[in-house]
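Structure at a glance
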Amino acid sequence: MSGPIRFGPAAEALFRLEGPTAVSAGAGSGKTTALVELCVRLLSGEATGSPCDPAAIAAITFTEKAAEELVLRLREAVSERARTAAVAAPGSAEAQAWVDRLHGLERMAAGTIHAFCGRLLREHAPEADLDPEFTVVDEERAWGWLHGAARAAVVAALDAGRPGARLLAAGLGAEGRTGLSWLVAELVRARATRGDAGPPAIAPEDPAALRAAWERLGDAAGGVLAIARAGGSPGAARLLEQVARAWVALEGAARGAGPLPDAPARLEALDGATRGPRLGRAEERLREARDGLRAAAAEVARLEAERLAAPQREELARLVADTAGRYADRKRAARAVDFDDLLVRARDLLARDGALRAELRARFRALLVDEYQDVNALQQELFDLLAAPADPPGPHLVAVGDLKQSIYRFRGADVAVFARLVRRFAAGEGRVLRLSENHRSVPAVLDLVNEVSAGAMVPPAGAPPRDDEIRFEDGDRLLARRAEGARPACELLVDGDGGSAAERRLREAEALVRRIQALVAGTA
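Predicted, not measured: the structure shown is a model, and the values here were computed from it.

Conventions and cut-offs
- Residues numbered from 1 in each chain as written.
- Predicted model: local features only at pLDDT ≥ 70, side-chain atom pairs only at ≥ 80, totals over all residues.
- Heavy atoms only, no water.
- Helix = DSSP H or I, 4+ residues; strand = E, 2+ residues; numbered from the N terminus.
- Expected span 1.5 Å × (residues − 1).
- Buried < 20%, exposed > 50% of the residue type's maximum accessible area, 1.4 Å probe, protein only.
- Arc of directions from axis to C-beta.
- Pairing = 2+ DSSP bridges.
- Axes fitted to C-alpha atoms, helices over the stretch in contact; angles between N-to-C directions.
- Contact = heavy atoms within 4.5 Å.
- Parallel < 35°, antiparallel > 145°, perpendicular 65-115°, else oblique.
- Left-handed = near helix turned anticlockwise from the far one by under 90°.

**Some thoughts on helix H10 (residues 234-248)**
An ideal rise of 1.5 Å per residue puts 21 Å on 15 residues; H10 measures up with 22 Å between its terminal C-alpha atoms. Taken as a whole, H10 has its buried residues at Gly235, Ala236, Leu239, Gln242, Val243, Ala246 and Trp247. Mapping the buried residues of H10 onto a view down its axis gives an arc of 135 degrees, with all of them on the same face. The exposed residues of H10 that point more than 90 degrees off its buried face are Pro234, Arg245 and Val248.

Here it is in structure tokens:
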């Protein structure tokens with residue numbers, strides 16, 4: 001993006017910060033420039049009606065590099081304001097105010113959510129039950145400690161002769177990336193990323209649900225057999241024969257005769273019996289009954305697997321709890337925390353310490369969070385503690401993201417978090433703005449992107465809406481701000497040859513180089 005940016009109506013509305021705001025920022029819409037301008041206007045008082053001290057602004061970015069870029073560009077923008085004020089009125093209070101703001105930018109909290117939580121915990125280490133000189137262990141070492149704790153927990157369980165541990169180790173193996181210790185370590189890490197505390201809770205068995213599922217399966221099987229028997233086509237006759245044969249092995253359980261130790265295998269055979277015969281176009285009723293039988297069998301298979309795996313599930317929970325304890329002891333001995341600890345401990349500190357929470361809510365006037373589509377549920381808890389409507393009032397939350405650019409699963413990133421926030425704000429808890437004016441690409445490129453997105457980001461017809469499902473709407477269309485360029489703006493370079501993925505990537509790169517050289521040379 002080059003040259004001065006012209007802010008559109010949505011950006012100008014953002015600069016009048018009157019409450020919680022969700023910003024859907026399309027690709028190339030000048031999001032960082034808009035955030036810098038918002039910070040400048042917060043400092044000057046144009047955004048809220050009174051000047052904002054730099055220490056009263058918190059800017060959370062996805063990476064430290066993004067934070068450095070934001071602060072650098074903000075420093076340049078504030079410097080420009082200071083120069084302009086000095087030229088207009090040398091020695092004036094306004095000129096001095098901008099100089100003070102420039103020097104005060106060091107006190108602005110700008111960085112990743114982990115850096116923000118780290119500063120908070122160092123300031124309040126005793127309240128967080130931490131050594132003030134704690135260190136943050138890097139990812140590689142943390143995983144080594146965690147996997148070592150899991151290995152020790154598994155070995156202890158096997159040495160104690162626990163049947164569940166022996167069964168799990170026999171099925172998974174004890175070591176390796178698919179082994180039991182690796183699985184236990186991954187579960188501990190996943191629970192920490194989610195912010196789960198305490199021993200794992202085991203879902204209780206539900207015999208009534210299992211009994212009801214078997215009854216539905218019996219009804220579904222009876223329906224298929226009755227319709228197929230009344231049919232007459234070769235496909236119906238074959239379906240009748242196969243389903244009847246498979247059902248004999250399950251009928252006793254469906255009638256309540258007792259659990260089957262090999263129920264999953266028998267249910268799999270029933271499902272397979274429905275997949276061979278071909279039905280005619282006129283047999284829609286039988287086809288629907290067959291599909292219903294498959295769904296009923298899948299439900300029973302899931303519930304039966306949960307029943308059969310109950311002892312292993314309990315053992316796995318014991319291993320997870322033991323591993324988490326050993327890992328916590330290892331970190332405590334080293335006076336260290338990992339990245340998940342930073343968020344969990346900060347969340348817990350703010351949740352239990354009302355005085356500190358009130359202090360922080362009063363300290364900050366604006367909480368700006370970039371790349372909100374990559375926020376996870378634990379981070380959302382932190383933002384709610386700091387900025388959700390409550391008494392005393394907290395800072396204005398500005399959540400900036402783009403649902404369509406949610407491509408990471410790093411540290412539990414969940415696009416549904418931003419989707420739910422947008423829905424809440426649209427329903428009255430705040431406001432939703434869309435930065436859709438694209439300053440980067442020519443109109444022909446945006447036309448292509450819009451049409452491809454509109455065709456690809458369409459949920460299945462009749463499916464219930466899901467928070468993690470991206471729907472392309474009219475407001476998502478990118479609007480061109482650059483002048484018209486050459487058309488067409490898209491070419492397909494077809495590679496019909498085979499080979500490995502590495503060979504295809506190399507050919508693709510070579511084809512792109514040749515095409516660009518031809519375009520530059522004017523020989524295309």
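**A closer look at the sheet that holds strand S7 (residues 396-401)**
The strand order across the open sheet formed by 6 strands is S3-S2-S6-S7-S1-S8, and the pairing between neighbours is parallel. Edge strands, defined here as strands with exactly one partner in the open sheet, are strand S3 (109-111) and strand S8 (431-435). In this sheet, adjacent strand axes meet at a mean angle of 15 degrees when their direction is disregarded. As paired elements, strand S2 (residues 57-60) and strand S6 (residues 366-369) share 4 bridges and run parallel to each other. Pairing of Ile57 across the sheet is with Ala366, part of S6. On the sheet, helix H17 (residues 377-387) packs against S2, S6 and S7 and is oriented at approximately 160 degrees with respect to S6.

**Here we look at the pairing of S7**
Of all 6 residues that make up S7, 5 are buried, and the element is covered over most of its length. Looking at chain direction, strand S1 (residues 21-25) and S7 are connected through 4 bridges and run parallel. Across the sheet, the residue bridging to Thr21 is Val398, located in S7. Sheet topology note: the S6/S7 ladder contains 4 bridges and is parallel.

**A look at the packing of helix H3 (residues 64-88) against helix H4 (residues 93-104)**
Between H3 and H4, whose axes approach to 8 Å, the crossing angle comes to 160 degrees. When the interaxial angle is binned, H3 and H4 end up roughly antiparallel. Considering only the axes of H3 and H4, their crossing is left-handed. In this structure, H3 uses Arg75, Val78, Ser79, Arg81, Ala82, Ala85 and Ala86 to contact H4, whose residues at the interface are Glu94, Ala95, Trp98, Val99, Arg101 and Leu102.

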